[in-house]
Amino acid sequence: MSPFNLETCARPNILALQPYRCARDDYKDDGTNVLLDANENAYGPSLQVNGGSDDGYLAGLHRYPDPHQHDLKQLLCQLRNTHVHTPKQLTPDHLFVGVGSDEAIDALLRCFCVPGRDRILTCPPTYGMYAVSAQVNDVAIVKVPLLPAPGFGLDVPAINAALDTEPNVKLVYLCSPGNPTGSLLAKSDVEQILRHPTFNGVVVLDEAYIDFAPEDASLAELVAEYPNLVVMQTLSKAFGMAGIRLGAAFTSPPIAVLLNSLKAPYNISTPTSVLAHRAVSADGLATMRENRAKLLRQRDRLLQELPMIPGVGRLRGGTTSNFLLYEMLDAQGNPDNVTALAVYTRMAESQGVVVRFRGKEHGCEGCLRITVGTEDEVTRFMESLRKILHEVRKTSEVAQKDDPAEEQNEKEASSVVA
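Residues numbered from 1 in each chain as written. Predicted model: local features only at pLDDT ≥ 70, side-chain atom pairs only at ≥ 80, totals over all residues. Heavy atoms only, no water.

**Q** Explain the overall build of the protein to me, please; I cannot follow it from the model alone.
**A** What the protein contains, in helices and strands, is 15 helices and 11 strands. Once the C-alpha set of the protein is aligned to its principal axes, its extents read approximately 95 × 60 × 40 Å. Looking at the 418 residues of the protein, the share that counts as buried comes to 50%. Restricting to contacts in the protein with at least 6 residues of sequence separation, those with at least 24 account for 71%. Surface accessibility of the protein: about 20,100 Å² in total, with carbon and sulfur atoms responsible for 52%. Taking the average location of the 39 positive side-chain charges in the protein and that of its 51 negative ones, the two points are 0 Å from each other. (Helix = DSSP H or I, 4+ residues; strand = E, 2+ residues; numbered from the N terminus. Buried < 20%, exposed > 50% of the residue type's maximum accessible area, 1.4 Å probe, protein only. Contact = heavy atoms within 4.5 Å. Areas by Shrake-Rupley, 256 points an atom, 1.4 Å probe, with all protein chains shown as cover. Lys, Arg positive; Asp, Glu negative; His and termini not counted. Charge placed at Lys NZ, Arg CZ, Asp CG, Glu CD.)

Right under this line is the structure:
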């Protein structure tokens with residue numbers, strides 16, 4: 001049984017926080033009220049309303065958005081109430097919605113970590129915003145690397161040992177599927193950390209890419225079982241809605257109350273809410289699944305064809321996301337950051353194809369992270385990669401032959417063999 005105690009884990013000032021309230025929290029608007037409580041412009045937004053299909057919510061922009069987003073939360077709960085992991089039911093009381101997952105990442109730090117004293121634990125290689133938000137909030141980081149590639153699983157004994165010995169760790173940020181690894185974390189590993197016998201803190205599971213993983217892989221509904229679990233998700237990835245910045249954090253109702261109390265009162269705009277409703281409606285889910293199927297076909301294509309390109313090394317991560325992590329090899333066939341960085345730079349500058357260099361992250365020597373695109377985009381990428389990788393490796397080979405030190409090394413090696 002976890003020793004988690006919200007009263008001693010959360011910051012006292014957050015526990016005592018009284019959320020912002022408006023008159024409409026007391027007197028619900030049924031559409032017939034005369035609303036003179038919020039100093040809005042009663043004549044409407046400064047936009048031309050032309051009778052188009054979008055005018056329904058454009059016309060309402062002069063009113064502040066719903067601060068609670070109950071209907072949107074209900075749709076998100078319906079999506080994740082799979083009952084694969086628990087018979088218990090997710091309800092809107094289990095949810096915080098914010099400006100992408102990044103708002104939840106930051107809100108959790110402000111909720112649980114005293115600046116200059118408390119710390120978080122991360123497992124590199126992982127998403128960079130955990131560290132950015134920690135630095136902004138003056139919170140130090142304990143790092144426990146993932147197990148070596150290609151598995152990139154959790155090193156549960158090392159994490160538990162850190163939680164035993166490292167003082168003031170309040171949050172554990174885990175990413176599943178991982179970014180940049182693309183590997184899905186084992187449910188049993190996550191649960192072992194949740195059940196740590198002395199850790200009075202919160203485990204945060206970032207599931208931004210979960211809809212590219214096998215069906216029912218999400219652990220969101222486990223928040224109904226574990227009071228110290230937060231599962232973050234977003235509409236930016238599989239739903240293709242990065243531009244609206246809508247993220248969700250599933251958690252126990254007491255933690256959700258704290259997160260909803262400390263957020264800005266109107267953090268989700270009306271257009272964002274309307275578009276998010278559409279995205280997770282029955283029609284939106286059908287479209288998402290169609291697009292996902294197309295992306296997964298291209299992911300399979302990359303897995304089949306990338307290893308056939310000379311200079312492409314091993315797949316270093318998993319295949320449960322919409323990106324792949326591959327090594328770039330030097331002329332000697334070794335994973336190499338110089339080669340990977342040169343390929344990344346030249347491909348963007350001369351071919352207009354942009355991927356992500358990840359070679360400086362733990363366990364990712366010589367790696368590029370490649371997002372799965374459309375069929376045409378994948379074709380253009382592979383043609384560009386083949387061309388640029390050949391040029392980079394050829395240049396490196398010529399440079400080594402022209403290097404006197406390298407030439408002397410080759411002569412010495414030949415004499416030894418002889």
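**Q** Please explain the domain arrangement of the protein as it appears in this structure.
**A** Domains assigned within the protein are domain 1 (9–38 + 289–398 + 408–414) and domain 2 (65–280). The centre of domain 1, based on its C-alpha atoms, is set 21 Å off from the matching centre of domain 2. In this assembly, domain 1 packs against domain 2 so that about 2,800 Å² is buried in total across both faces, 59% of it on carbon and sulfur atoms. The largest per-residue losses of area from domain 1 upon contact with domain 2 belong to Cys9, Arg11 and Thr320, which jointly make up 24% of the total buried on that side. Linking domain 1 to domain 2 there are one salt bridge. Across the pair Glu215 and Arg292 runs a salt bridge, and its minimum N-O distance is 3.0 Å. At the surface where domain 1 touches domain 2, the tally comes to 13 residue pairs in polar contact (both at pLDDT 80 or more). (Domains from an automatic or database assignment. Buried area = accessible area lost by both parts, 1.4 Å probe. Salt bridge = Lys/Arg side-chain N within 4 Å of Asp/Glu carboxyl O. Polar contact = N/O pair within 3.5 Å; in protein donor to acceptor, adjacent residues only side chain to side chain.)

**Q** Help me out: how do you make sense of the packing of aromatic side chains in this one?
**A** The way to describe two aromatic rings as a pair is by their centre distance and the angle between their planes. Per the counting criterion, the structure on display carries five aromatic pairs. Aromatic pair Tyr209 and Phe323: ring centres 5.1 Å apart, planes at 80 degrees, arrangement edge-to-face. Within this pair, whereas Tyr209 is found in the loop between β5 (202–206) and β6 (229–234), its partner Phe323 is found in strand β9 (residues 323–328), the two being separated by 114 residues in sequence. Overall, Phe323 belongs to the buried group, its relative accessible area being 2%. Site record: aromatic cluster; members linked through ring pairs are Tyr20, Tyr64 and Tyr266. Over the ring of Phe323 we find Arg369; its NZ or CZ atom is 5.5 Å from the centre of that ring. (Phe/Tyr/Trp six-rings, centres within 6.5 Å; stacked < 30°, edge-to-face > 60°. Lys NZ or Arg CZ within 6 Å of the ring centre and 35° of its normal.)

**Q** Explanation requested: the pattern of salt bridges in the structure shown.
**A** Note on pairing: side chains with opposite charge can pair once their charged atoms come close. Evaluation of the coordinates by the stated rule reveals 16 salt bridges. Residue Arg119 is joined to Glu166 by a salt bridge in which the shortest nitrogen-to-oxygen separation is 2.5 Å. A residue pair is termed long-range when its members are at least 10 positions apart, and Arg119 in strand β2 (residues 119–122) and Glu166 in the loop between α8 (156–165) and β4 (169–175) qualify at 47 residues. Overall, Arg119 belongs to the buried group, its relative accessible area being 18%. One salt-bridge network, in which partners are shared between bridges, spans Arg117, Asp118 and Lys170.

**Q** What exactly am I supposed to notice about the sheet that holds strand β7 (residues 247–251) here?
**A** Strands belonging to one sheet form pairs held by backbone hydrogen bonds; the direction of such a pair is parallel or antiparallel. Within the open sheet, the seven strands sit side by side as β1-β7-β6-β5-β4-β2-β3. Their pairing is mixed. The outermost strands of the open sheet, each flanked by one partner alone, are β1 (95–98) and β3 (140–143). For this sheet, the mean inter-axis angle between neighbouring strands, taken without regard to orientation, is 25 degrees. Note that β6 and β7 share five bridges and pair antiparallel. (Pairing = 2+ DSSP bridges. Axes fitted to C-alpha atoms, helices over the stretch in contact; angles between N-to-C directions.)

**Q** Teacher, can you tell me more about the sheet that holds strand β11 (residues 367–371) here?
**A** On the basis of which strands lie adjacent, the open sheet formed by four strands has the order β8-β9-β11-β10 and antiparallel pairing. Unpaired on one side and paired on the other, β8 (312–315) and β10 (356–357) mark the two borders of the sheet. Pairing geometry for β9 and β11, over five bridges, is antiparallel. Looking across to β11, one finds that Phe323 is bridged to Thr371. Taken strand by strand, helix α12 (residues 282–305) contacts β8 and β9, and its axis lies near 15 degrees from that of β9.

**Q** What's the story with the nonpolar core in this structure? I'm lost.
**A** Soluble globular proteins tend to bury their nonpolar side chains together. In terms of nonpolar packing, the biggest core is built from 57 residues, with Leu121, Leu154, Leu174, Leu229, Leu235, Phe239 and Phe250 touching the most fellow members. Looking at which domains feed residues into this core, each of domain 1 (9–38 + 289–398 + 408–414) and domain 2 (65–280) supplies at least three. (Core = buried A, V, L, I, M, F, W, Y, C linked by side-chain atoms within 4.5 Å.)

**Q** I tried to follow the side chain of Arg299 on my own but got confused; where do I start?
**A** Relative to the helices and strands, Arg299 is located in helix α12. Of the buried charged residues, Arg299 lacks a salt bridge, with Asp300 as the closest side chain of opposite charge at 4.6 Å. At 3.0 Å, the side chain of Arg299 forms a polar contact with the backbone oxygen of Thr319. In this structure, Arg299 is in contact with Phe212, Thr319, Thr320, Ser321, Leu324 and Val372, ignoring residues within four places of it in sequence.

**Q** Got a minute to help me understand the side chain of Ser176 in this structure?
**A** Structurally, Ser176 is set in the loop between β4 and α9 (187–194). Only 2.9 Å separates the side chain of Ser176 from the backbone nitrogen of Leu185, close enough to count as a polar contact. Not counting chain neighbours up to four residues away, the residues in contact with Ser176 comprise Ser183, Leu184, Leu185, Leu205, Asp206, Glu207 and Ile210.

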